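# Observations on the model geometry
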Number of protein chains: 2
Amino acid sequence: MDEGTKTETSSHAIRSPGMHSDKSENTVYVGKKGVMGYVLAVITQFNNGAGEVTIKARGKVISQAVDVAEIVRSRFMPEAKVSNISIKTEELTSEDGRLAKVSAIEITLSK
Amino acid sequence: MDEGTKTETSSHAIRSPGMHSDKSENTVYVGKKGVMGYVLAVITQFNNGAGEVTIKARGKVISQAVDVAEIVRSRFMPEAKVSNISIKTEELTSEDGRLAKVSAIEITLSK
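Attention in this report is confined to the structure presented alongside it. All residue numbers refer to positions counted from 1 along the written sequence of the respective chain. Here every chain gets a letter starting at A, and every ligand a number starting at 1, in the order they are written. Given that the model is predicted, a residue must reach a pLDDT of at least 70 before its local features are reported, and side-chain atom pairs must reach 80 or more before they are shown or counted; all residues, however, enter totals for whole chains, interfaces and linings. The basis for every side-chain value is the complete set of non-hydrogen atoms in the structure, without hydrogens or water.

### Some details on the overall build of chain A
Of the regular secondary structure elements, chain A holds two helices and four strands. Only DSSP runs of H or I covering at least 4 residues are called helices, and only runs of E covering at least 2 are called strands; the numbering of each starts at the N terminus. What you see in chain A, going N to C, is helices and strands ordered as β-α-β-α-β-β. Taking all 111 residues of chain A together, 45% fall into the buried category. Contacts in chain A between residues far apart in sequence, at least 24 positions, make up 67% of those at least 6 positions apart. In these tables, accessible area is a Shrake-Rupley quantity obtained with a 1.4 Å probe, and a residue counts as shielded only by the protein chains included in the view. Of the roughly 6200 Å² of accessible surface on chain A, 50% is carried by carbon and sulfur atoms. The classification of residues rests on relative accessible area computed with a 1.4 Å probe and restricted to protein chains. Under 20% of the type maximum is buried, over 50% is exposed, and intermediate values are partly exposed. Residues are treated as being in contact if the distance between any of their heavy atoms lies within 4.5 Å.

### Overview of helix 1 (residues 35-47) of chain A
All names here are of chain A. End to end, helix 1 covers 19 Å across 13 residues, agreeing with the expected 18 Å (1.5 Å per residue, within 8%). Considered for burial, the residues of helix 1 that qualify are Val35, Tyr38, Val39, Val42, Ile43, Gln45 and Phe46. For helix 1, the buried positions fall inside an angular range of 155° around the axis, keeping them on one side. Turned more than 90 degrees away from the buried face of helix 1, the exposed residues are Leu40 and Asn47. On its buried side, helix 1 packs onto strand 1 (27-29), strand 2 (52-58), helix 2 (62-76) and strand 4 (99-110). Just downstream of helix 1, Gly49 is the residue with a positive phi angle, here 110°. Take the residue count of a helix, subtract one, and multiply by 1.5 Å to get its expected span. This arc is taken over the directions from the axis of the helix to the C-beta atoms.

### A short note on the pairing of strand 2 of chain A
Residue and element names in this part refer to chain A. Along strand 2, six of the seven residues are buried, which leaves the element largely enclosed by surrounding structure. With three bridges connecting them, strand 1 and strand 2 associate as parallel partners. Pairing of Tyr29 across the sheet is with Lys56, part of strand 2. Criterion used throughout: strands pair if DSSP finds at least two bridges between them.

### Quick word on the sheet that holds strand 2 of chain A
Residues and elements named next belong to chain A. What the four strands build is an open sheet, ordered 1-2-4-3; its pairing is mixed. Looking at strand neighbours, the two that pair on one side only are strand 1 and strand 3 (81-93), the edges of this open sheet. Strand-to-strand twist in this sheet, taken as the mean axis angle between neighbours without regard to direction, amounts to 20°. Packed onto the sheet, helix 1 meets strand 1, strand 2 and strand 4 and runs at close to 170° relative to strand 1. Each axis is a line fitted through C-alpha atoms, taken for helices only over the stretch in contact, and angles between the N-to-C directions span 0 to 180 degrees.

### Observations regarding the pattern of salt bridges
For this document, the term salt bridge refers to a Lys or Arg side-chain nitrogen within 4 Å of an Asp or Glu carboxyl oxygen. In total, this model carries 14 salt bridges over all chains according to the counting rule given. A salt bridge links Glu106(B) to Lys56(B), with the shortest nitrogen-to-oxygen separation between them at 3.6 Å. One end of the pair, Glu106(B), is in strand 5 (residues 99-110); the other, Lys56(B), is in strand 3 (residues 52-58), and 50 residues separate them in sequence. Owing to a relative accessible area of 14%, Lys56(B) belongs among the buried residues under this scheme. We note a salt bridge from Lys101(B) to Glu91(B), for which the minimum N-O separation is 3.9 Å. Placement of Lys101(B) in strand 5 and of Glu91(B) in strand 4 (residues 81-93) is noted, with a sequence separation of ten residues between them. Its relative accessible area of 58% is what places Lys101(B) among the exposed residues. A single network of salt bridges, built from pairs that share partners, joins Lys56(A), Arg58(A), Lys88(A), Glu90(A) and Glu106(A).

Spelled out as structure tokens, the structure:
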């Protein structure tokens, strides 16, 4: 497509060594609370020095994760870029021991 | 795995009916019907000779679009790869003329 876009090939994350090497420090898990709370969490991590923040979600709240990324970018941090998006299937064990498959997404924003 | 990501913000509204380019022939729009119907639509397009199929969704059904891609890949076409995922914000005009912003996703599967 035509826009100023960026394509990366990665199954490895593109983290700059040095800053925050611990992956989980720069992660925001999106759940069922209001979208703006997660937006704030992402912005806070950037303000605390993170060079990138990964937004993760599973199941029905995947659409909220996309909302969070888009709101951060369009309203608060126009300089931020989506540097990676990946989808996968996770297997969860329910209480009765059965496996349930659920889709998951990870969206990485970089500034 | 190689996955590309792309990001764009489009302020133009949805395509008007009848303006389908060649590209849209290989597109499956995910809505509120059952996920397996869209899975079948994707597989049918591949079986009809498409080298890639793009799954598109807006708003709350974004999570179903991810389900469709994951089910096609994990259950029916293990050779298919996610070649691109992009997210964007679309602006829709509601009946009373107000603009509503909605997140959208496009997931391209290639075989």
